[in-house]
Structure formats: structure tokens, C-alpha cells
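Descriptive structure summary
What follows is each chain in one-letter form.
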Protein chains: 2
Amino acid sequence: MARVSIKSIAEVLGVSTATVSLVLNGKEKEGRVSKDVAEKIRLKAKEMHYEPNNLARGLRMGCSQTIGLIVADISNLFFANLAFHIQEHAEKYGYSVIITNTNESDLKLEKMVNVLKSRQVDGFIIVPTEHGMPYVETLVKRNIPTVLVDRNFAEIKAGAVVVDNYHASAKAVKSLIRQGCRNIGLIIYKSRLQHMRERKRGYIDAITEHGFYNPDFVKEINYSTISNDIPIAIESLLLKENRIDGIFFATNTLSMLGIKQLMNMNRRIPEDLKVVCFDKSDAFDFMDIPIPYIFQPLPEMGRIAVELLVEQIKEPSGERKCVELQASLVNSPVNN
Amino acid sequence: MARVSIKSIAEVLGVSTATVSLVLNGKEKEGRVSKDVAEKIRLKAKEMHYEPNNLARGLRMGCSQTIGLIVADISNLFFANLAFHIQEHAEKYGYSVIITNTNESDLKLEKMVNVLKSRQVDGFIIVPTEHGMPYVETLVKRNIPTVLVDRNFAEIKAGAVVVDNYHASAKAVKSLIRQGCRNIGLIIYKSRLQHMRERKRGYIDAITEHGFYNPDFVKEINYSTISNDIPIAIESLLLKENRIDGIFFATNTLSMLGIKQLMNMNRRIPEDLKVVCFDKSDAFDFMDIPIPYIFQPLPEMGRIAVELLVEQIKEPSGERKCVELQASLVNSPVNN
DNA sequence: TTTATACGCTTAATCGTTTAACTATAAAGT
DNA sequence: ACTTTATAGTTAAACGATTAAGCGTATAAA
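Heads up: these notes are all about the structure in this document. As the structure is a prediction and not an experimental result, all values here were calculated from the model.

1. Some remarks on the overall build of chain A
On a plain count of helices and strands, chain A comes out with 13 helices and twelve strands. Here the C-alpha atoms of chain A give a radius of gyration of 26 Å, more than 25% beyond the 20 Å that 2.2 N^0.38 yields for 336 residues. Considered along the principal axes of its C-alpha atoms, chain A spans approximately 90 × 40 × 35 Å. Burial status across chain A gives 53% buried among its 336 residues. Taking all contacts inside chain A whose residues are at least 6 apart in sequence as the whole, residues at least 24 apart take part in 68%. Of the accessible surface of chain A, which amounts to about 15,200 Å², a share of 50% is contributed by carbon and sulfur atoms.

Take a look at the structure:
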């Protein structure tokens, strides 16, 4: 079963490959192919189950209609959902998506950028790692279409779509204060990434505004030792003298493990203490009471990421837009 | 910034592209290139940041070092994890993975097969849709490397890696019986797919063996109307006269929604009734008591899927193996 | 001296598509 | 009759990499 190419169609029909190509790309008008021949070609193509070879086309055209998506971890629901929406929209524009993982490793980010480059992706959508800026910068400097998502490096002007982490975070903390919390803990990753810094800043500013700031209440967790760190952090936070009455979890994984630890320690939510989380976790559905959380508009983010990228692909040296979306607080007993 | 190709290196160094290609592919021995020239080429390549163009290579070699992965829904944790492990192993063999979704639509399966074929993927790993057999069959007939995963069509000899759904299911049900359950409900998708049929058969056989079978206790849910169907199914199952004391949920999504409904109805697990689920859900971590579930060896499945596919790619007309893995029951108070 | 062979590199075809430039014919305009 | 214009195609180069076959030159063998 030999591959059926434009050439085989051309031979069978006794025309040139150019004609076949013209017709199959709907350029018969400019290419001026007669209706008869065009119809014959289209029929034969269907009959022979012709499928264009995108490698060849990509080679010739200098583009592959493929987007490279680099996320931290596809098995994390947040990224999986993001990937889903990115794919759905990419498809609309005729793009396929190659997804790769970094597992938060800078080395892997570099490797993946190279792998995807050699596959001639037309552009990148990247959730960068903590120290991944240099690799992203290289792409930007070479005018390779690149959109950062979830996390941004303000210093380099790549395109980006992120949420307003600062205000989202502040909103979350204020909702706790409005519920009467005074001693509010923060469980967050130790990270230099802007989105984490912003979430922390949002927490600190909101809480300082009300005069409740206590640096001891900020617990920074190492990504790689999270399972060990969380129980320790929560336990030290919940020491009697701290009188903790609220906790803000800065990511969904932190929430998951944190709340689990609270349950292990027999703390009731919200009677003993109140919580609010960044991002939803499937698990929230199971809680007796609804867990308030910051909702990031994932479908929106996916859509915009693709749109920004497609714009850049059309005009690689054009301006690179950064879009900041507002996140909302859901399930909170206090409004706004 | 023009792309750096083998040609540009050759021109700068005043040698032919053939020599450069030979060296860069480590074929200097057979190609008999002098150490001097080889070293010069390697240096220059690094200096110019040469990255091979995989489109061109793929076109020439007739293979793209790319695997097409088609899953039902990448935002479902089960598939996201599966995709993760498939990727990790594919990478080891030098393959990239293009992931696409069907959302359980047969039409989309057909479309995705064509999209991936035109991208010249070297093989497919597919989680097929309910009526997707014809499309898979076409691939198999054309000797296109194909491995089914999670779900199999026994009728066509594609490669496959699945769990022993029948015994896993029976194991789950028997654990309920051993805990004293007599009236055990089954919440399952209405589907002709073999894995669903096997799970149902496992349930029926195990329960019939003990003389407790009652067809009314089997509730089949439509995938597309799941949010409506689940509460109705659970409510009708829990009618007083049924004296239901156990429920077996046949997938993770069914478990999630089903347990949520049980909680809405204030049924305590395991006091009021016991449950056992197929697949883990993140949410289980949040439950007061551990939820027993059937654990599918996902890392194994991913690894084997890739290995089977790579074998097929090496020998497309060779025998296509089907691997059946045993799933285990975890968190159950009764052993085995 | 002649012939074989090893060495070191080049030539050129090829993969499947696209597309600018060209050709050939007919019809229309002057 | 001659030029222009429209029609309906074809030719051939190009994208970047691979690789079988070829070709001088030098050395070794006969």
C-alpha cells in the first residue's frame, strides 16, 4: 500500500502535480484550472484517500501549523484543563498542539524548547519554570512567536496571558477578614516566579492594610518536598499561641494537601478556622461545606493564549500583547 | 536571522552537505570523514546553534519520530496521567507526542486520525470511542502501527494494553460482599465498549455467584447527561424497599458525582452503605474515611503502550501483542 | 609497472508540496 | 492581419536532510 501523493494523482489523471496542488488548495481561480479538471482531481483525490503530507508542506512553506505547548505538569488538573482549552482553540485555527512537560525543571524547559524548535513549531505557548527566563528570552530575541501563560516575566516582552494575581490574592484574604479572621496564615510555594510573588504581595498588602500582618504566618513550601513540608508548616502555624483563624492556600495542590492535613488534625472548616484557596480542586465537591476559592478563567486563558500566538505568527515582529484577566472569588459566604 | 541548515554549515566550511550530514549523524566511520574535518564540522555546528530540521528529515526518512495520542478527554485526570506516562516513555525513545481529544465523539476520532496521519505520525496510541472500531480497523488493515489503551476491540487485532476489567470488577464487588453487603448497586456508563461490558459482567457474575443479583440495581448512565442521570439513578437505587447496602461505581467520574449525591442525601459511608470505585479520584483524599478503589497501574500502562508501539514501528507487519494487566484493590478493609 | 584497495570527500537523486515563471492555444479587439 | 487578453495548463526550482554511487589520490600488493 504505497502512500498516495499529489504525484500519484497527477499520474493517474495525466496532469501535472502543479495542477493537482492548485486544485486541492482551492486556488483554481487564480491558477485558472477548468471546472472539469478540477472536479476530476477532487474526485480522484477522494477515491484514492489522498491525505496531504504536512511534513512536505511544512518544509516548503516554512511553517508546520503546529504549536508547541510546554507546561509544568500535564497530570496537574490546572494544566490539563489549560491544555484542553488551548487545544480546542488551536484546532479552530488549523493548528495541532505538541504538549510537553518540564516537571518544573529548568533543564527540561531548555531541552523541550530545542525539541520543539527542531520540529519546526510555528510558535510556543509556555508555562515557564522558575529560572526559565533565559530560554524564553532567546526565543523572544529571535522573534519566535511566544506566549507565556499563567506565569509571566515582566522583564522580557514576550506575549503573555495571566490573571491579576495580586488583586485575586487580596480579594481572597479580604474575604477572610470580612468573616472576622484576624490571624491569617499563608501557605505558598517558595518561588521567585512573578505569579507567586504577586500572590504573596496581595496577601501581605491586604492584611497589612488591616494591621494584622505577621511574617511568621507566611509558610513557604519547597515544590520538591511538598509532602513533608505541608504537615510541618500547618502544624507550626496552628500552634496555640498563634490563634490562627484563617488560612489562604496559594495553589490547588497546596490546598489539597493542606486541607487534608487540617482534617488529620481534626480541625473543622469553617468552625475552627476558615480557608480560601487559589484554584479549584475536584476534591472540594466532596467537602461538607463549599470551599471558597479563586477561580481563574481557564477557557478564556486558553483562548487568548492561542489568539495572541496566532497574531504573533502572522506578524512576528509586531507588538507582543500581555493580557491580564481578573479572577473571581467563588463559594465565599461574603460577597465580593 | 536566517535559519541555519546543513547547507549553511557546509558553505561556511567549504565542504559538501553530505559530509556535514554524515558527521552530524555520527556516521563518519562508514562515511570515512577525517577526524579533522569532523571536528571542525561539529564545532561550527555548535557555534552556529544548528538544530536539525525534523520536517526535512522526516520527509526524507519517511518517519517523523512522532506518536499520535488520541484520548477521550485530556482534562480527565485518568487520561491526563496516562498521557503523562506515555510522554515520559516516548521521550526515552526519541519520540514526541501529539495529544488530541475526541470528547467521546466518533466523528472527532475519525477527524483526529486523519489530522495525525497527515502529520505523518509514526504510530497511534488510541483510547477509542464507543463506535470507533471502523477507524481503528482501517489503521490496522493498512499496517499502521496502532496500540489501543484502556479500551480494546477484541475483534480487530490491534495492539492493546488494558486491565483485566472483569476480574477487577469482580474483586471490587466481592470485597463488598465480604463486608456483609447483600444489595449492591452498580453505577456504570451505558456503553458498548468492551471495558464497560467487562466491568458489568464482572459485577453480575460475582454477585450472581452469591445469589444476590437483581437487575434493578444496575443503573446505566448516559455520558452526555451524566449530571442529570446520576442523582436520579442514586435516588431510585436508594428507595427504602431496595435496602441497598453497597454501591460499585464503574469509573472515577461516576464515583465523584455519585458520592457527592450520597452526601447530599446525608448517607454516611461506610455506616449507611459501603462503596467501592473504579479508579482513584483526587477527592478521595478529602473523605473522612478512605474510599476503596480499583487501582489501574497507569505508569505501567503508559510504558507498555509505548513499548508495544515502538515494536510495531520497527516491524509493522509483525504480530500485534495485547497485554492485560491486573488491577488491584486498595483501601479496602477486607484483604484481597 | 600495473592493479587493487583504502581513504576522503562530492555529486546528485530523493522525499511531497508549493509557486513563480513560462508556454500554448483560442478568442477578442483594432 | 496583427496584437492583446484570457484561458488552461506545465516546468522547474525550492524547502532541508539523507545516502547510494562516484571520483580522484595515495598507498599497498602483485
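2. Things to note about the relation of the copies chain A and chain B
At an RMSD of 0.2 Å, chain A and chain B line up after a rotation of 180° and a shift of 0.1 Å along the axis. Here the copies are linked by what is in effect a two-fold axis. No C-alpha of chain A approaches the rotation axis more nearly than that of A:Ala283, which lies at 1.8 Å. Here 100% of the contact residues of chain A are again contact residues in chain B; the copies associate through an equivalent surface.

3. As for the protein's contact with DNA strand D
Around DNA strand D there are 25 residues in total, and A:Thr19, A:Ser34, B:Ile6, B:Tyr50 and B:Arg60 lie nearest to it. Across the atoms of DNA strand D situated within 4 Å of the protein, the share located in sugar and phosphate is 61%. Measuring from a phosphate oxygen of DNA strand D, one finds a side-chain N or O atom of B:Tyr50 at 2.6 Å. Contributions of two or more residues to the surface near DNA strand D are made by α2 (17-24) and α5 (54-61) of chain A together with α2 (17-24) and α5 (54-61) of chain B.

4. Side note on the sheet that holds strand β6 (residues 184-189) of chain B
Residues and elements named next belong to chain B. The strand order across the open sheet built from six strands is β7-β6-β8-β9-β10-β12, with neighbouring strands paired in mixed fashion. Single-partner strands in this sheet number two, and they are β7 (218-221) and β12 (328-330). Strand-to-strand twist of the sheet, defined as the mean angle between neighbouring strand axes without regard to direction, takes the value 25°. Bridging between strand β10 (residues 293-295) and β12 involves three bridges; their strand directions are antiparallel. Across the sheet, residue Ile-294 finds its bridge partner in β12, namely Leu-329. Together, β6, β8 (246-249), β9 (274-278), β10 and β12 form the strand contacts of helix α9 (residues 165-178), whose direction differs from that of β9 by roughly 170°.

5. A short note on the environment of B:Pro52
Mapped onto the secondary structure, B:Pro52 falls in the loop between α4 (35-47) and α5. Relative accessible area serves as the criterion here: at 23%, B:Pro52 is assigned to the partly exposed category. Dropping the residues within four chain positions of it, B:Pro52 is found in contact with A:Ser118, A:Gln120 and B:Arg57.

Calculation rules
Residues numbered from 1 in each chain as written. Chains lettered and ligands numbered in written order. Predicted model: local features only at pLDDT ≥ 70, side-chain atom pairs only at ≥ 80, totals over all residues. Heavy atoms only, no water. Helix = DSSP H or I, 4+ residues; strand = E, 2+ residues; numbered from the N terminus. Rg over C-alpha atoms; globule rule 2.2 N^0.38 Å. Buried < 20%, exposed > 50% of the residue type's maximum accessible area, 1.4 Å probe, protein only. Contact = heavy atoms within 4.5 Å. Areas by Shrake-Rupley, 256 points an atom, 1.4 Å probe, with all protein chains shown as cover. Least-squares fit on C-alpha atoms with pLDDT ≥ 70 in both. Near = heavy atom within 4 Å. Polar contact = N/O pair within 3.5 Å; in protein donor to acceptor, adjacent residues only side chain to side chain. Pairing = 2+ DSSP bridges. Axes fitted to C-alpha atoms, helices over the stretch in contact; angles between N-to-C directions.

These values are about where atoms sit, not about what they do.
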